[in-house]
Amino acid sequence: MIQIRNFINGQWQEETGGKTVPLYNPSTGETIGSVPVSNMETCEAAIATAAEAYKTWRLVPIAKRMTYIHKIRECMIRDLEKLAQGIALDQAKHISEARGEVQRVIEIVEMACSIPALIQGETLDQIAGSITGKVTKQSLGVFGGVAPFNFPALVFGWFIPFAIGTGNTFIYKPSTQSPYFMQLMCEIFMEIGLPGGVVNVIHGSRDIPGTWYEDPRIAGVCLVGSTPTAKKMAEGCARGAKRSMLLGGAKNMLVVMEDADIDVFIENYINSCYGSAGQRCLAGSIVAIVPELYDTVLERMIEAAKKVKVGDALDPDVYMGPLISRSAADKVKEYVDIALNHGHGCELVLDGRNPELPEKNKNGYFVGPTIIKDVTPCNPLFTTEVFGPLVATIKIADIDDALELIRQSEFGNAEPVLCRKVQPRRRCGHGRRQRGHLRPASVHSLRRHQGVAPRDQQGAGQGRHRLLHPEQGHHDPHRRSQRQEGRRCSEAQVRPLLRSVLNSRTRPVPGPQPRNPAAFSNPETSS
């Protein structure tokens, strides 16, 4: 049995009172350990320890701080398989994806090793008369961070290396459903001799961040989680006037145009919609298809999804593991019924609610690939982040239809458009930004998403990335023809666009980017 423990002041701490919650293996449903539920005394101890450690840590030369970041990287490279196995055990991400997540975090830690160059200040000579301005970037203090269950390693990489590398100290609350990765990381912190109090890890309920909002010793709060949680934390941070970086939910659409390479689409549809069992903010959950390809693409989607092998996260022959909990699996099944009961002609064409499983996984939290066709924009599937392997399909008339659906959505992190022509990409690239932005994928292909991408902080960090096009009323054929006439380009205008598209085919599509260390540093201007 795994006993998860709090980590405060560089030491393991036993939770007084003994209240715990069980830790499960989602692949089997078995209890594999326990997680402490920290009380208010433990929360206070973590804050006090981090605040005291900050007094000396911020004075440590940056070169010395970087030696710890380098050591973290070296230990993670050495323990990559151990860390990946830990993720696959309690978070139940398939082992191949778990290895990919750890590798990505190693790359993010490598990025953190460049902090000395990233936080250099500036000097503005002769601003006026004999006045010279100087910009310096300094640490802020103690930060609190809350991680979701689905990326226990990646969110650690976004937050902690940059926070402590820039001279801050950190209190980290992992999800109680996937805490084992951080337990292994705390062992690394002890091994490398990271000074006590620089990183503190406490486990428990959502009450923990509540102790941060109005505590003057806390400089800021970070979250990757759901939209309701982000809203609640935004309210708390507003009360306490705390800096915040709060990243919430998302909903993503894959757009298939009439000239799309269907083989390329199918490969990426499987990766996007069923990788990590659909439990990631960049998972595709809606597929919008033009009428002339709709039946063909849908048939290919069903055929490919039936071949996805579902099973134990540690089985190398399996493609998709379980969901994180029984309640998460029940939620996906419930939304199948909700969508069908909503009516308007939608139909369940692939039912994954009872997948075939080996005997040892019969009690696991599994839902197989599921597809509901002919969903309308008013269907709950279109407006809710279900967070599972449930895909809805919808017909679109053209790229303008797709853009209109995107701009009407509350959510939208990434809306890949699969086509070969330049024109749809130009339509995506010429939208104006309101609330957020949409970054179109490569015109020709979409690579597998490995994790959570940085999101807009507008609207309490709800992840509202949209592409809003200035042209409206595209359902009017006359107006559409007028716009098309006005968009005709000269050869000189088209050639640079073609070069851009060709370059995009050979350039890797960016994955999740590390958080800007400026989020944890304080630019001060003096003269």
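In the block above lies the structure referred to throughout.
Before going into details, it helps to say that this report is about the structure given with it. As the structure is a computational prediction, the values presented were derived from the model and not from experiment. (Residues numbered from 1 in each chain as written. Predicted model: local features only at pLDDT ≥ 70, side-chain atom pairs only at ≥ 80, totals over all residues. Heavy atoms only, no water.)

## A short note on the sheet that holds strand β17 (residues 390–395)
Taken together, the six strands give an open sheet; going across it, the order is β15-β16-β17-β14-β13-β18, and neighbouring strands pair in mixed fashion. One side of each edge strand has no neighbouring strand; the edge strands of this open sheet are β15 (347–350) and β18 (417–418). Taken together, the four bridges between strand β14 (residues 284–289) and β17 define a ladder with parallel strand orientation. The residue of β17 that forms the bridge with I289 is K395. Sheet strands touched by helix α11 (residues 326–342): β15, β16 (370–373) and β17. Its angle to β16, the strand with the most contacts, is close to 15 degrees. (Pairing = 2+ DSSP bridges. Helix = DSSP H or I, 4+ residues; strand = E, 2+ residues; numbered from the N terminus. Contact = heavy atoms within 4.5 Å. Axes fitted to C-alpha atoms, helices over the stretch in contact; angles between N-to-C directions.)

## Some thoughts on helix α13 (residues 399–408)
With nine of ten residues buried, α13 lies mostly within the body of the structure. Among the residues making up α13, those that are buried are I399, D400, D401, A402, L403, E404, L405, I406 and R407. Between the side-chain oxygen at the start of α13 and the backbone nitrogen of D400 there is a gap of 3.1 Å, and the oxygen is on D398. (Buried < 20%, exposed > 50% of the residue type's maximum accessible area, 1.4 Å probe, protein only. Polar contact = N/O pair within 3.5 Å; in protein donor to acceptor, adjacent residues only side chain to side chain.)

## A short note on the nonpolar core
Of all hydrophobic cores here, the largest spans 65 residues; its most connected members are F265, Y269, Y274, V287, M301, I371 and L381. Y274 has contacts with Y269, A305, V308, Y319, M320, P369, T370, I371, P389 and V391, leaving out every residue within four places of it along the chain. W57, L83, F151 and F181 belong to the second largest nonpolar core, which has 56 residues in total. (Core = buried A, V, L, I, M, F, W, Y, C linked by side-chain atoms within 4.5 Å.)

## Here's the deal with empty space enclosed by the protein
Applying the stated criterion across every chain yields a total of four cavities of 30 Å³ or more. Volume-wise, the largest cavity comes out at about 100 Å³. Along the walls of the largest cavity sit 14 residues, with G278, A283, S285, E385 and F387 positioned nearest its centre. Each residue belonging to the lining of the largest cavity can be placed in one class, and the counts come to six nonpolar, five polar and three charged. Put simply, the second largest cavity is a space of about 60 Å³. Elements with a contribution of two residues or more to the lining of the second largest cavity: β13 (252–256) and α13. For the lining of the second largest cavity, the class distribution of residues is six nonpolar, three polar and two charged. (1 Å grid on protein atoms, 1.4 Å probe; cavity = no way out; pocket = protein on both sides within 12 Å on 5 of 7 lines; lining within 4 Å. Points joined across faces, edges and corners; volume = space filled by probe spheres on them. Nonpolar A, V, L, I, M, F, W, Y, C, P; charged D, E, K, R; others polar.)

## Considering the layout of surface pockets
Roughly 1100 Å³ of internal volume is contained in the largest pocket. The wall of the largest pocket is formed by 45 residues, among which F149, R206, G225, S226 and T229 lie closest to the centre. Partitioned by chemical class, the residues of the lining of the largest pocket number 18 nonpolar, 18 polar and nine charged.

## Observations regarding the packing of aromatic side chains
Ring pairs (aromatic) are described by centroid distance and by the angle formed between their planes. Counted by the stated rule, this structure contains ten aromatic pairs. Between F265 and Y269 the ring centres are 5.7 Å apart and the planes differ by 20 degrees, which places this aromatic pair in the stacked class. With F265 and Y269 both in helix α9 (residues 262–274) and four residues apart, this pair spans about one turn of that helix. Side by side, F265 and Y269 carry an identical accessibility label, which is buried. (Phe/Tyr/Trp six-rings, centres within 6.5 Å; stacked < 30°, edge-to-face > 60°.)

## Quick notes on the packing of helix α2 (residues 62–78) against helix α7 (residues 180–192)
It is the contact of α2 with α7, at a shortest axis distance of 10 Å, that shows an interaxial angle of 125 degrees. By the angle between their directions, the pair α2 and α7 is classed as oblique. Considering the relative orientation of α2 and α7, their crossing is right-handed. Contact residues: Y68, K71, I72, C75, M76 and R78 in α2; F181, M185, I188, F189, E191 and I192 in α7. Residue composition of the contact of α2 with α7, grouped by class: nine nonpolar, no polar and three charged. (Parallel < 35°, antiparallel > 145°, perpendicular 65-115°, else oblique. Left-handed = near helix turned anticlockwise from the far one by under 90°.)

## Points about the pattern of salt bridges
Two side chains with opposite charge may pair up if their charged atoms get near one another. Enumeration according to the criterion identifies 20 salt bridges in this entry. Taking the shortest distance from any N to any O, the salt bridge between R78 and E191 comes out at 2.7 Å. One end of the pair, R78, is in helix α2; the other, E191, is in helix α7, with 113 residues separating them in the sequence. In this structure E191 comes out as partly exposed when scored by relative accessible area, which is 47%. Linking D351 and R353 is a salt bridge whose minimum nitrogen-to-oxygen distance equals 2.9 Å. (Salt bridge = Lys/Arg side-chain N within 4 Å of Asp/Glu carboxyl O.)

## A closer look at the packing of α2 against helix α4 (residues 95–112)
Packing of α2 against α4 leaves a shortest axis separation of 9 Å and a crossing angle of 160 degrees. With respect to α4, the axis of α2 lies roughly antiparallel. Where α2 crosses over α4, the two elements pack in a sense that is left-handed. The residues of α4 that touch α2, namely those facing M66, I69, I72, R73, M76 and I77, are V102, V105, I106, V109, E110 and A112. Residue composition of the contact of α2 with α4, grouped by class: ten nonpolar, no polar and two charged.

## As for the sheet that holds strand β5 (residues 30–36)
Two orientations exist for strands paired in a sheet by backbone hydrogen bonds: parallel and antiparallel. The strand order across the open sheet built from three strands is β1-β5-β4, with neighbouring strands paired in mixed fashion. Looking at the sheet topology across the chains shown, the edges are occupied by β1 (2–3) and β4 (20–25). With two bridges joining them, β1 and β5 adopt parallel strand pairing. Bridge pairing in β5 places Q3 opposite S34. Lying over the sheet, helix α3 (residues 80–90) contacts β1, β4 and β5, oriented at roughly 105 degrees with respect to β4.

Worth remembering: the numbers are spatial, not functional.
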